[in-house]
Amino acid sequence: MNSRVKYFDYPLQYKINKTEYIEIIEEVLSRGAYILGKDISKFEENLAGFVGSKFAIGVGNCTDALLLSLHAAGIGAGDEVITVSHTFVATVEVIKFLGATPVFVDIADDHNMNIELVESAITPKTKAIVPVQLNGRICASMDKLVDTAEKYNLIIIEDSAQAIGATYKGKGAGTFGLAGCFSFYPAKLLGTFGDAGAIVTDNEEFAEKLRMLRNHGRGTGTDINLWGLNCRMDNLHAAILNYKLTHLSQWIKRRREIAEMYNDELSGIRELRLPPPPVNSGGHYDVFQNYELEAEYRDNLVSHLNERGIEIMLPWGGKGVHQFNALGIGKVKLPKTEDFFKKALMLPMYPELNNNQIRYIIQVVKDFYGVKISAIKTSLSSV
Ligand SMILES: *Cc1c(COP(=O)(O)O)cnc(C)c1O
């Protein structure tokens, strides 16, 4: 494809530090350290330090992380788990796979779970809440959610797949509840060359259980202590991630710079609703996994951008989890989520974007609302 701005550019990120990656791969393969090697324990230690938790457990991907955490927390048949529909299907599928029932609450203006709505969704069957720290931003009033969970004796498992490095009132994503789950899928803030994930927790017993669950129920020896699965992180990925983690703060800084450029230049356009801009004081330190905004005339804007060589994405193809009919979730009313998906799109957001590319995207968006829009309005009013 001859697009001028790609939505992702995996080969570019690889190329920038290619020598280091090749060295790491060569070293790990030469050592024959493929399964549960020292690179995993090293990465777990570094990750726990980075997010501010006591323990980290490397797993195959974030879906594994969510599944094992909910299972280890005792979630199963008959239980209800409160979450959102504006998320990747993984958040919800794990609840279904455990035989529990997902209960959805609507989103707030920042596109994340509306914490104000959680209390009224609680029933005697509610066992857990899975807030999703989407787009690199922790849910507003996360402290209130923690209070609500305590009041009703509920477990919080954070889906922080998109939020490594984000903080709220100084506390890191993934550290608010019993466990936090991270994804190292290639497009994530910290991505590897394939699938990987991790769980963080401060609870030692819970951490031990997760270590067994990810490895067929085994502890340090060959004894089987409980029914488990194979959800191990590949050692090679751990070695890559250990290296990439040293770049993460720099990458986050660059993402925040890009968000600031978008915000400075696009906030004057009435037809757009931008995400909260990066701030240096106040509650939220956002890390901009994505730059997700709402736009009037969204579909026309998307065509306009595509025609000018700019790739964009609609979040999860433009639907909330409850809107995939084949999943049989049935009638759920989430007005804000549904309205959001009619207008939502995501602009390119990754550290390797250069300022010329960002200025080009901004210009094309401005052109659309400056010139194109009057023509669209005229044609809409004539039908
Ligand atoms: C990416 C993602 C997941 C799943 O992560 P995998 O590592 O691909 O299993 C779960 N939840 C959210 C919000 C995500 O963005």
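One pair of aromatic rings is described through two measures. These are the centre distance and the angle between the planes. On inspection of all chains with the given rule, the structure shows twelve aromatic pairs. For the ring pair Phe-288 and Tyr-291, a centre distance of 6.2 Å and an interplane angle of 25° mean the geometry is stacked. Counting every residue linked through ring pairs, the aromatic cluster contains Tyr-14, Tyr-21, Phe-193 and Tyr-243. The ring centre of Tyr-360 lies 4.1 Å from the NZ or CZ of Arg-4, which sits over that ring.

Pairing is antiparallel in the open sheet, where three strands are placed in the order S7-S6-S11. Looking at the sheet topology across the chains shown, the edges are occupied by strand S7 (171-172) and strand S11 (284-285). The pairing of strand S6 (residues 167-168) with S7 spans two bridges and is classified as antiparallel. Of the residues in S7, the one forming a bridge with Tyr-168 is Lys-171.

Once that is clear, we can look at the packing of helix H4 (residues 62-72) against helix H8 (residues 204-213). Contact geometry for H4 and H8: axes closest at 10 Å, N-to-C directions at 125°. Here H8 runs oblique to H4, going by the angle between their axes. Remark: the crossing between H4 and H8 carries right-handed chirality. Of the residues in H8, those touching H4 at Leu-68, Ser-69, His-71 and Ala-72 are Phe-206, Lys-209, Leu-210 and Leu-213. Split into classes, the residues belonging to the contact of H4 with H8 amount to five nonpolar, two polar and one charged.

What counts, and where the lines are drawn
- Residues numbered from 1 in each chain as written.
- Predicted model: local features only at pLDDT ≥ 70, side-chain atom pairs only at ≥ 80, totals over all residues.
- Heavy atoms only, no water.
- Phe/Tyr/Trp six-rings, centres within 6.5 Å; stacked < 30°, edge-to-face > 60°.
- Lys NZ or Arg CZ within 6 Å of the ring centre and 35° of its normal.
- Pairing = 2+ DSSP bridges.
- Helix = DSSP H or I, 4+ residues; strand = E, 2+ residues; numbered from the N terminus.
- Axes fitted to C-alpha atoms, helices over the stretch in contact; angles between N-to-C directions.
- Parallel < 35°, antiparallel > 145°, perpendicular 65-115°, else oblique.
- Left-handed = near helix turned anticlockwise from the far one by under 90°.
- Contact = heavy atoms within 4.5 Å.
- Nonpolar A, V, L, I, M, F, W, Y, C, P; charged D, E, K, R; others polar.

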